[in-house]
Amino acid sequence: MSRSAHPAGPRHADVLTDGHYSAPAADLNVLDEKVWSRTVTRDADGALTVGGIAVARLAEEFGTPAYFLDESDFRARCRAWSEAFGPDADVFYAGKAFLSRAIVRWLKEEGLNLDVCSGGELTTALDAGMPAERIAFHGNNKTAAEIERAVEAGVGRIVLDSFQEIVRVAHIARSHGVRQRVQIRVTVGVEAHTHEFIATAHEDQKFGIALADGQAAEAVRRALGLDSLELIGIHSHIGSQIFDMAGFEVSARRVVQLLAEVRDEHGVELPEIDLGGGLGIAYTSDDDPREPHEIAKALSDIVTRECESAGLRTPRISVEPGRAIVGPTAFTLYEVGTIKPLEGLRTYVSVDGGMSDNIRTALYDAEYSVALVSRTSDAEPMLVRVVGKHCESGDIVVKDAFLPADLAPGDLIAVPATGAYCRSMASNYNHALRPPVVAVRDGEARVIVRRETEEDLLRLDVG
Ligand SMILES: *Cc1c(COP(=O)(O)O)cnc(C)c1O
């Protein structure tokens, strides 16, 4: 599934001929600021602190495993994205990365818009006071009930994902007597992941309407023919954890080409294009994400150039970063349990969570970093695999990493960059209790999503 640019095996290390890995290049006590949230540092005693609070205190007060979210970093990233794109573009935070009512309030205060893709996300957004006109509703199989709620609430846009949905949304909007603003999601034949993109044959997936064979043009024709729909633009989302702007370049070119065809056929210049999300973050020291202002400039240059050559007015651009905003702002704190050295292989370090709080390693072969955070250590580095406590050998949190050889049960270790797609994809596998999300800011820590309890589990199990 993921096409990693890295070969299997640890980073910062050379593979030795006897199958052992050499020591890591970096000092294990040094926290690489690329992968940790902005207020993370080590205090005089060597313990990690976030928002001015030491992890030992956080572990004592909130328990482990737990996600600690750096609120000022989250807000700073929101502002960076919104300032980078400026007043002539819109930034939609992709709620599926991680959504809670506190997050919605922060987004609202920082001036961002919000993408939702289910009734549950829509309810959370509205309940926390996000104005409906700042919400975009996505999904390849929205139910009629979800569409009704979105239309009734007055969401700013519904992103149409199929021919059937064009008719369905039009019908529901008409029965509510409204003209619903919509975009059409197209598949541009580009799929991008990490450092590469592939520009052919990726129409074979469930999202959107293909540009190829004139399908998207036909969708535009139908949407323009329905009075209860106001077609405001074209949407494209090409992948995830993308570093290379080349995929966006091809995508933007193809979307602009469609806008030109629409103008030629209908005499209409659609006013917006949405280039989706998928911008990459640093999970390990080897990842080099771009800053929002570089991304904004690159995207706006591409769109402006393509529109000039097609003789179109430059449309309003929107983007939908999820991971790039929330991903780097949180880490997961675990307590070390069983430590099992396997002679000639590696040491298995078990923690008190696992695939129930981070499925990405098992699902996507994702790479993560890890550090001993309750103290520093001068011990030799040892090659470890950080695993969870679930009944599943694929229950891996960090596949290959180094931790100090004097690691002991009871130590606290932390996995950075777990703000996106960890709590939001968490499960109750083995009846695990999903961990809390604790927001930390200026010396104060506050639970924004509480830890699940056994009572929560039993309440759903009605016997
Ligand atoms: C998942 C998704 C996003 C966000 O992706 P990130 O990798 O979190 O930036 C944005 N738009 C759409 C349509 C998506 O499906």
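All of these numbers come straight from a predicted model, not from anything done at the bench. (Residues numbered from 1 in each chain as written. Predicted model: local features only at pLDDT ≥ 70, side-chain atom pairs only at ≥ 80, totals over all residues. Heavy atoms only, no water.)

A.B. asks: Tell me what's going on with the site of the ligand, and back it up with residues and numbers.
C.D. replies: Around the ligand there are 14 residues in total, and Lys96, Gly278, Glu320, Arg323 and Tyr421 lie nearest to it. One nitrogen or oxygen atom from the side chain of Tyr421 is found 2.6 Å from an oxygen atom belonging to the ligand. Taken by itself the ligand offers 390 Å² of open surface, and the protein chains cover 92% of this. The class makeup of the residues in the shell around the ligand is three nonpolar, six polar and five charged. (Near = heavy atom within 4 Å. Polar contact = N/O pair within 3.5 Å; in protein donor to acceptor, adjacent residues only side chain to side chain. Areas by Shrake-Rupley, 256 points an atom, 1.4 Å probe, with all protein chains shown as cover. Nonpolar A, V, L, I, M, F, W, Y, C, P; charged D, E, K, R; others polar.)

A.B. asks: Before we move on, could you go through the packing of aromatic side chains and cite the residues and values that matter?
C.D. replies: Inspection of the entire model under this criterion finds seven aromatic pairs. Between the aromatic rings of Phe74 and Tyr93, the centroid separation amounts to 5.9 Å while the plane-to-plane angle is 75 degrees, which identifies the pairing as edge-to-face. Of this pair, Phe74 sits in helix 2 (residues 71-85) while Tyr93 sits in strand 5 (residues 89-94), placing them 19 residues apart in sequence. Tyr93 carries the same exposure label as Phe74, and that label is buried. When the ring of Tyr283 is compared with that of Tyr368, the centres are 5.1 Å apart and the planes differ by 75 degrees; the resulting orientation is edge-to-face. Of this pair, Tyr283 sits in the loop between strand 15 (272-274) and helix 9 (292-310) while Tyr368 sits in the loop between helix 11 (360-364) and strand 19 (371-372), and the two are 85 residues apart along the sequence. For the pair formed by Tyr283 and Tyr368, the shared burial category is buried. (Phe/Tyr/Trp six-rings, centres within 6.5 Å; stacked < 30°, edge-to-face > 60°. Helix = DSSP H or I, 4+ residues; strand = E, 2+ residues; numbered from the N terminus. Buried < 20%, exposed > 50% of the residue type's maximum accessible area, 1.4 Å probe, protein only.)

A.B. asks: Explain the sheet that holds strand 14 (residues 239-242) to me, using residue names and the numbers behind them.
C.D. replies: As summarised here, the arrangement of the three strands in space is 11-10-14, forming an open sheet in which the pairing is mixed. The sheet is open, and its two edges are formed by strand 11 (196-198) and strand 14, each paired on a single side. Shown here is a sheet whose adjacent strand axes are inclined to one another by a mean of 25 degrees, direction ignored. Sheet topology places strand 10 (residues 191-194) next to strand 11; three bridges connect them, and they run antiparallel. Within strand 11, the position partnered with Ala192 by the bridge is Phe197. (Pairing = 2+ DSSP bridges. Axes fitted to C-alpha atoms, helices over the stretch in contact; angles between N-to-C directions.)

A.B. asks: Explain the side chain of Arg346 residue by residue, including any values.
C.D. replies: Relative to the helices and strands, Arg346 is located in strand 18 (residues 346-351). Within the structure, Arg346 has its side chain in polar contact with the side chain of Asp400 (distance 2.7 Å). Every residue in contact with Arg346, bar those within four places of it in the chain, is listed here: Lys340, Pro341, Leu383, Arg385, Lys399 and Asp400. (Contact = heavy atoms within 4.5 Å.)

A.B. asks: Could you give an account of the pattern of salt bridges, naming the residues involved and the relevant values?
C.D. replies: On inspection of all chains with the given rule, the structure shows 33 salt bridges. Between Glu272 and Arg157 there is a salt bridge whose closest N-O contact spans 2.6 Å. With Glu272 in strand 15 and Arg157 in strand 8 (residues 157-160), this residue pair connects regions lying 115 residues apart in the sequence. Residue classification places Arg157 among the buried positions, given a relative accessible area of 4%. Connected through shared salt-bridge partners, Glu71, Arg75, Arg79, Glu109, Glu110, Arg441 and Asp442 make up one network. (Salt bridge = Lys/Arg side-chain N within 4 Å of Asp/Glu carboxyl O.)

A.B. asks: Would you mind going over the packing of helix 2 against helix 3 (residues 101-109) in detail, with residue names and values included?
C.D. replies: Running from amino to carboxyl end, helix 2 crosses helix 3 at an angle of 40 degrees, the nearest separation of the two axes being 10 Å. If you check the angle between helix 2 and helix 3, you find them oblique. Once helix 2 is placed against helix 3, the crossing between them reads as right-handed. Of helix 3, the residues touching helix 2 (which contributes Glu71, Phe74, Arg75 and Cys78) are Ile103, Trp106, Leu107 and Glu109. When its residues are assigned to classes, the contact of helix 2 with helix 3 shows five nonpolar, no polar and three charged. (Parallel < 35°, antiparallel > 145°, perpendicular 65-115°, else oblique. Left-handed = near helix turned anticlockwise from the far one by under 90°.)

A.B. asks: So what about the layout of surface pockets? Which residues, and what values?
C.D. replies: Empty space within the second largest pocket amounts to approximately 490 Å³. In terms of residue count, helix 2 provides more of the lining of the second largest pocket than any other element does, three residues in total. Residues that form the lining of the second largest pocket fall into these classes: 13 nonpolar, two polar and six charged. No fewer than three residues from each of domain 1 (13-70 + 328-460) and domain 2 (138-321) sit in the lining of the second largest pocket. (1 Å grid on protein atoms, 1.4 Å probe; cavity = no way out; pocket = protein on both sides within 12 Å on 5 of 7 lines; lining within 4 Å. Points joined across faces, edges and corners; volume = space filled by probe spheres on them. Domains from an automatic or database assignment.)

A.B. asks: Would you mind going over the nonpolar core in detail, with residue names and values included?
C.D. replies: Core analysis: the largest hydrophobic core is formed by 111 residues, its most contacted members being Leu69, Phe74, Tyr93, Ile158, Ile184 and Ile413. Per-element tally for this core: the top contributor is helix 8 (residues 246-266), with nine residues. Counting contributing residues per domain, this core is built from domain 1 (13-70 + 328-460) and domain 2 (138-321), each supplying no fewer than three. Discounting residues that sit within four places of it in the chain, Phe74 has contacts with Leu69, Tyr93, Ile103, Trp106, Leu107, Ile325, Val326 and Thr329. Formed by 22 residues, the second largest nonpolar core is a distinct cluster that contains Val55, Leu58, Ala282 and Phe331. (Core = buried A, V, L, I, M, F, W, Y, C linked by side-chain atoms within 4.5 Å.)

A.B. asks: I'd love a proper account of helix 1 (residues 55-62), names of residues and values included.
C.D. replies: Restricting attention to buried positions, one finds in helix 1 the residues Val55, Leu58, Ala59 and Phe62. For helix 1, the arc enclosing every buried residue in end-on projection is 100 degrees, short of the 170-degree limit, so these residues lie on one face. One or two positions beyond helix 1, positive phi appears at Gly63, with a value near 80 degrees. (Arc of directions from axis to C-beta.)

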